Protein chains: 2
Amino acid sequence: MGSKRTARRRFLKEGAALAGLAVGVPSASGQTLGSVRAERPTDLTVARSLMAYGERARFVKTSRFVYEDAWDLHTDPNGKDAHTVLDQQLGIITPAPLHYIQSHGNPPPDIDPTQHRLMIHGMVDRPLVFTMDELMRFPAVSRIHYIECIGNAPNPRAKTLEAMHGMISCSEWNGVLLSVLLKEAGVRSGASWIMAEGADATKHGKSVPMGKVMQDVLVAYGQNGEPVRPHQGYPLRLVVPGFEGKYHVKWLRGIKVVDQPYMTYWEQSSYIKGENHQGAYSPAQGPKSVITFPSAGQRLPSRGFYTVKGFAWSGGGAVRRVEVSTDGGRTWNDAHLPEQPLRIALTRFEFPWTWNGGEAVLQSRCTDDVGRVQPSAADHARFWGSHKAPHGNPIQPWRVTNEGHVLNAL
Amino acid sequence: MGSKRTARRRFLKEGAALAGLAVGVPSASGQTLGSVRAERPTDLTVARSLMAYGERARFVKTSRFVYEDAWDLHTDPNGKDAHTVLDQQLGIITPAPLHYIQSHGNPPPDIDPTQHRLMIHGMVDRPLVFTMDELMRFPAVSRIHYIECIGNAPNPRAKTLEAMHGMISCSEWNGVLLSVLLKEAGVRSGASWIMAEGADATKHGKSVPMGKVMQDVLVAYGQNGEPVRPHQGYPLRLVVPGFEGKYHVKWLRGIKVVDQPYMTYWEQSSYIKGENHQGAYSPAQGPKSVITFPSAGQRLPSRGFYTVKGFAWSGGGAVRRVEVSTDGGRTWNDAHLPEQPLRIALTRFEFPWTWNGGEAVLQSRCTDDVGRVQPSAADHARFWGSHKAPHGNPIQPWRVTNEGHVLNAL
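Residues numbered from 1 in each chain as written. Chains lettered and ligands numbered in written order. Predicted model: local features only at pLDDT ≥ 70, side-chain atom pairs only at ≥ 80, totals over all residues.

A. Quick look at the overall build of chain A. Broken down by element type, chain A carries 7 helices and 21 strands. Expressed as a percentage of the 410 residues in chain A, the buried residues total 54%. Taking contacts inside chain A between residues at least 6 apart in sequence as the whole, the part at least 24 apart equals 70%. (Helix = DSSP H or I, 4+ residues; strand = E, 2+ residues; numbered from the N terminus. Buried ≥ 20, exposed ≤ 12 C-beta atoms within 10 Å, placed from the backbone. Contact = placed C-beta atoms within 7 Å.)

This is how it looks when you write it as C-alpha cells:
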C-alpha cells in the first residue's frame, strides 16, 4: 500500500509537469486513438479483409427506433431521437450501435481527435489543456454504468416498451476520473461546482456539484472497448454515474470550475417546466425496473410456462431486490437476480410464471441498496402533483389479454 | 429462499414438458432472435435511418490483424485467422467486430436461426431437441469471460503484441447453463463426459468432462448484448470458462452425453503433437498477463512519466495480484488493479513508470486466486521440455531501446 501511495504522489507530481505541455507525442496516425505506435514490421503478411471488422449475421436486424414526431412520447419535436430496443438486449451491455440517442436534433460534430482539446479552467491554480494522447496516458478506470434520459418514463399514451423505456443504455465506460484531472489543475477554495461544456453546435452545458465530481465522475474516451461512438460524444464524454442523461455532456471540451450552478441555456429552457425546478439539479435517479418479456408490443403464443425477464437499476447504487407481481399488485414475490448487481448498472431479473390463459397484469418493483423503493404510478403522481416529475421511475404495469396480447396497462 | 427453490422446481418440472415440443411459438420474423413479438402499433412514425444502427467515428479504424501465412506465428497455415488488437482495447470488453478468430480456415456456416436446433442425446433419459426460441425461454445467465486460443503465446520469432497475444478476447456471454438443459434431459448414471459438436463443415467436436459441464458451462446465444457474431458461432456457442479456446465449440448443434472422451478428429489431429498429450484434456488456463503499453511495435516518444497498462487473466478464477518489473526481473512491484477482478475475465492493471531514456526490460507477472503464479519463459521451458507446452502462459518481456523502440525481448 505504501508503495502505491508513493507511486501515486509521484504520478501527480510528474503528471502536473506533463499536462498542458507538448511532450513530443506524435499525432495519431489516423488508425489509432492515442496510442504511440511505430510502423509495423514488414515481415508479416498482414492482409485486411472483411474479417478485419466483423459484421452481424444477416438474420440479425435489430435496430434502434427512430422517432420523428414523438413529442407526446417524451422525445423532442425538433430532433430525430433514437431509442434502444431493451427486449432485444441480451445481457447488461447495450451494443454501442444500439445505444439510445437524445440530442435535441443535433447531429454529432465531426471532431478530429488529434485536434480535440479538453480545457480545465475557472477557479483553479493552473488552467490546463489536454490533448487526447495526454488524457490516455493518465491512469484509467473502466466502469459499467447505465445512462438514462430524464424523459424515459411510463406514459399512458404510449404503446410499446421502447417508446417508454428505450432511452436507457448501459456500457463499459473507460477513461480518466475527473477528480484526477482536477487535482492536476488544483481546485481553489470556494469552488463548489463545475460547468461542463460540449463542442456541439448548441453548446450543451451542465452544472454538476463538486461533491459528485470528486466521487465518481469520469471523462470517458472508451465505450465497450472501443472509442466512444459519435452520437455518444466522440471523442470525449462526461459520465456522471446515476445522474440523468443530460448531465453526461457529449463532445466534452471544457470543464469550468465555479462557485455556483451556471443555469446554462439548456439548463433553463428544456428541463425546467412551470414551477417545478426540481429537475434542474436533481440527485441520483431511480430505483427503477421494467419487465422486457413479456412487454407491450409482444404477444404470448399460448398458455403455459414463461420466464419473465427484465432489467432493474438505480442511480443511488446497486439493485438490492426486485419483486414481481402477476396479479395486478395484490401479491409480490422476489425475482431472481442471476448476476451480482453492479453499482449504477443495468441488472437482470427473472421470474418463473405460468400463464393460465386469462387476463393478467404484470409489474416489477425495484429496491436499491440504500433502501429506496420504486413507487407505483399513483404514489408517484400523488407526490409530484400534476407537473412532470423529475424522475420517471414509477412502476410499469403490463396487461396480458386473454388472447395473449401485451398492452400498456396505464 | 424457499419460494425461489419452489419456483425452480416448478420450472424444471414444467420446463421438461415444454422442451422438445412444438409450443406454438411463431417462427422468428427475421428481425428478432427468439422474441415473441406482434406487429408494431401503427400510430407511431417510426423511421429507420443511418441512426438505426450506429457506426464508428471516421477517425477510428482499428481492425483485426488477418494472418495468411503465419504458421510460424502459431496460427494455422490453411486458414485466415484474425487477431484482436489488445493495445487498442479500452476496458475489458472486446468489441464483437474485433473478437479474435481461429477457425482452421472455415468460413462461418450461414445458419438460419429459425431452422437451427440443439440436440441433446446419448446417455440421457429423454433425448431433446431445442429450437432457438425454446432455448431463449429458459432462465438465462450473463457472464463476462475471456476466450483464449491455445496458440496464444510469447514466441521468440514474433515481433508484435498482436502476433503473440492477439488470440484472446473477452465478452459478456449470455445464454443457458448447460447443466439446466442436461437436467431436463436427465443424465444417466455412468455418464462422465459430453461431446459437443458444431455445425461447421469440418464438424469440430470437443469432449468436456462432466464435472466442468455441471460447474459453469454455458450455451451462449448472446455476446455483448446482441446475438453471437457469425465468426464466434452464431447462433449458438458453447462457452467453457477458463478452458482453451478449442473447447468453446462454435455453431453448436449437438451435445452427446457419453462415458469417455471421444478423441474426435480435431482432438487427435490438431492439438496433440508428438508425445505430448497433455494438450488434449488440459485443465484451466493461465495465470497470465501481458503489458499492452508499452509493447512491441510501439515507440516511446520521449523520456518521462508513463502509465504502464496491461491485462491479466486466469482460467482458474480471478486475478489476485499482478506484479511489474521494469529492470529485467531484478525487482518486482505490485501493479494497481483499478477494477475488482472478475472470475475468468480480463483484468486491467496499471503501473506508474518513469523512463530515464536508457535500455529497460518490462514484464508483468500474474498470480490468481488459487495461488498459481505465471512462470518465466525459462521456467516454463524447463518444466515442459522442448515440446510445445499446453499453456502458453510464460511471462512476456518487452525491451525498450534507448531510442524508445519497444521490442520482443525473448
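B. Spatial organisation of the pairing of strand β5 (residues 128-131) of chain A. Residue and element names in this part refer to chain A. Pairing analysis gives 4 bridges linking strand β4 (residues 117-122) to β5, with the strands arranged antiparallel. Bridge pairing in β5 links Arg117 to Thr131. Taking the residues that link successive antiparallel strands as the turn, the β4-β5 hairpin has 5 residues. (Pairing = 2+ DSSP bridges.)

C. Structural detail: the environment of Pro294 of chain A. All names here are of chain A. Along the chain, the position of Pro294 falls in the loop between β14 (288-293) and β15 (304-313). Spatially, the C-alpha atom of Pro294 lies 19 Å from that of Ala377, the residues being 83 residues apart in sequence. Among residues more than four places away in sequence, those in contact with Pro294 are Leu300, Tyr306, Leu362, Trp398, Val400 and Val406.

D. Highlighting the sheet that holds strand β18 (residues 347-355) of chain A. Residue and element names in this part refer to chain A. Across the sheet, 3 strands lie side by side as β14-β15-β18; this open sheet has antiparallel pairing. The open sheet has two edge strands with one neighbour each: β14 and β18. Sheet twist, expressed as the mean angle between neighbouring strand axes with direction ignored, is 30°. (Axes fitted to C-alpha atoms, helices over the stretch in contact; angles between N-to-C directions.)

E. Just the pairing of β18 of chain A, in detail. Residues and elements named next belong to chain A. Here β18 lies mainly inside the structure; 7 of its 9 residues are buried. In this sheet, β18 lies alongside β15 in antiparallel orientation, the contact comprising 9 bridges. Looking across to β18, one finds that Val308 is bridged to Phe351.

F. Geometry of the environment of Leu342 of chain A. Residues and elements named next belong to chain A. Relative to the helices and strands, Leu342 resides in the loop between β17 (333-334) and β18. Assessed through the 19 C-beta atoms surrounding it within 10 Å, Leu342 is described here as partly exposed. Linking Leu342 and Asn356, residues 14 residues apart in sequence, is a C-alpha distance of 35 Å. With residues near it in sequence (within four places) discarded, Leu342 still touches Ile144 and Ala318.

G. Spotlight on unusual backbone geometry. Cis peptide bonds are those with omega within 30 degrees of zero, and the linkage from Tyr234 of chain B to Pro235 of chain B qualifies with 5°. Assignment of secondary structure puts Pro235 of chain B in the loop between β11 (226-227) and β12 (237-239). Cis rather than trans, the peptide bond between Gly286 of chain B and Pro287 of chain B has omega equal to 0°. Structurally, Pro287 of chain B can be placed in the loop between α6 (265-269) and β14 (288-293). Even without glycine at this site, Asn224 of chain A takes up a positive phi of about 55°. Within the secondary structure, Asn224 of chain A is located in the loop between β10 (218-223) and β11 (226-227).

H. Geometry of the confidence of the model for chain A. All names here are of chain A. Of all residues in chain A, 77% have pLDDT values of 70 or greater, and the mean over the chain is 82. Between residues 69-79, whose pLDDT stays under 50, and residues either more than four places distant or in other chains, the model counts 25 contacts. The low-confidence segment residues 272-280 (pLDDT under 50) makes 14 contacts with residues lying over four places distant or belonging to another chain. For this predicted complex, the interface confidence reaches an ipTM of 0.83, while the overall pTM sits at 0.85. (pLDDT = per-residue confidence, 0-100.)

I. Quick look at the sheet that holds strand β18 (residues 347-355) of chain B. Residue and element names in this part refer to chain B. Taken in spatial order, the 3 strands make up an open sheet running β14-β15-β18, and their pairing is antiparallel. Both edges of this open sheet fall to β14 and β18, since each of them pairs with a single strand only. The sheet shows a mean angle of 30° between the axes of neighbouring strands, taken without regard to direction.

J. Layout of the nonpolar core. If you look at the biggest cluster of nonpolar residues, it comprises 100 residues, and the most contacted ones within it are Tyr146, Val308 and Ala345 of chain A together with Tyr146, Val308 and Ala345 of chain B. Apart from residues no more than four positions distant in its own chain, Ala345 of chain B is found in contact with Ile92, Ile144, His145, Tyr146, Cys170 and Trp313 of chain B. Core analysis: the next-biggest nonpolar cluster, separate from the first, contains 49 residues, Ala140, Ala199, Ile255 and Val257 of chain A among them. (Core = buried A, V, L, I, M, F, W, Y, C linked by C-beta atoms within 7 Å.)

K. Quick look at helix α4 (residues 178-185) of chain A. All names here are of chain A. Considered for burial, the residues of α4 that qualify are Leu178, Leu181, Leu182, Glu184 and Ala185. Looking down the long axis of α4, one finds its buried residues gathered within 155° of arc, a one-sided arrangement. Gly186 occupies a position one or two residues after α4 and carries a positive phi of about 80°. (Arc of directions from axis to C-beta.)

L. The arrangement of the environment of Lys212 of chain B in detail. Residue and element names in this part refer to chain B. As for its placement among the helices and strands, Lys212 is situated in helix α5 (residues 210-216). Measuring from C-alpha to C-alpha, the distance between Lys212 and Pro139 comes to 20 Å, with 73 residues separating the pair along the chain. Beyond its immediate chain neighbours, meaning those up to four positions away, Lys212 contacts Val217 and Val240.

M. The arrangement of the domain arrangement of chain A in detail. Residue and element names in this part refer to chain A. The domains assigned to chain A are domain 1 (65-269) and domain 2 (288-408). Look at where the C-alpha atoms of domain 1 and domain 2 centre, and you get two points 27 Å apart. With 21 residues of domain 1 in contact, the opposing surface of domain 2 contributes 21 residues. Put simply, the parts of the chain that give the side of domain 1 that touches domain 2 at least two residues each are β6 (141-148) and α3 (161-165). Across the side of domain 1 that touches domain 2, the residue classes break down as 13 nonpolar, 6 polar and 2 charged. (Domains from an automatic or database assignment. Nonpolar A, V, L, I, M, F, W, Y, C, P; charged D, E, K, R; others polar.)

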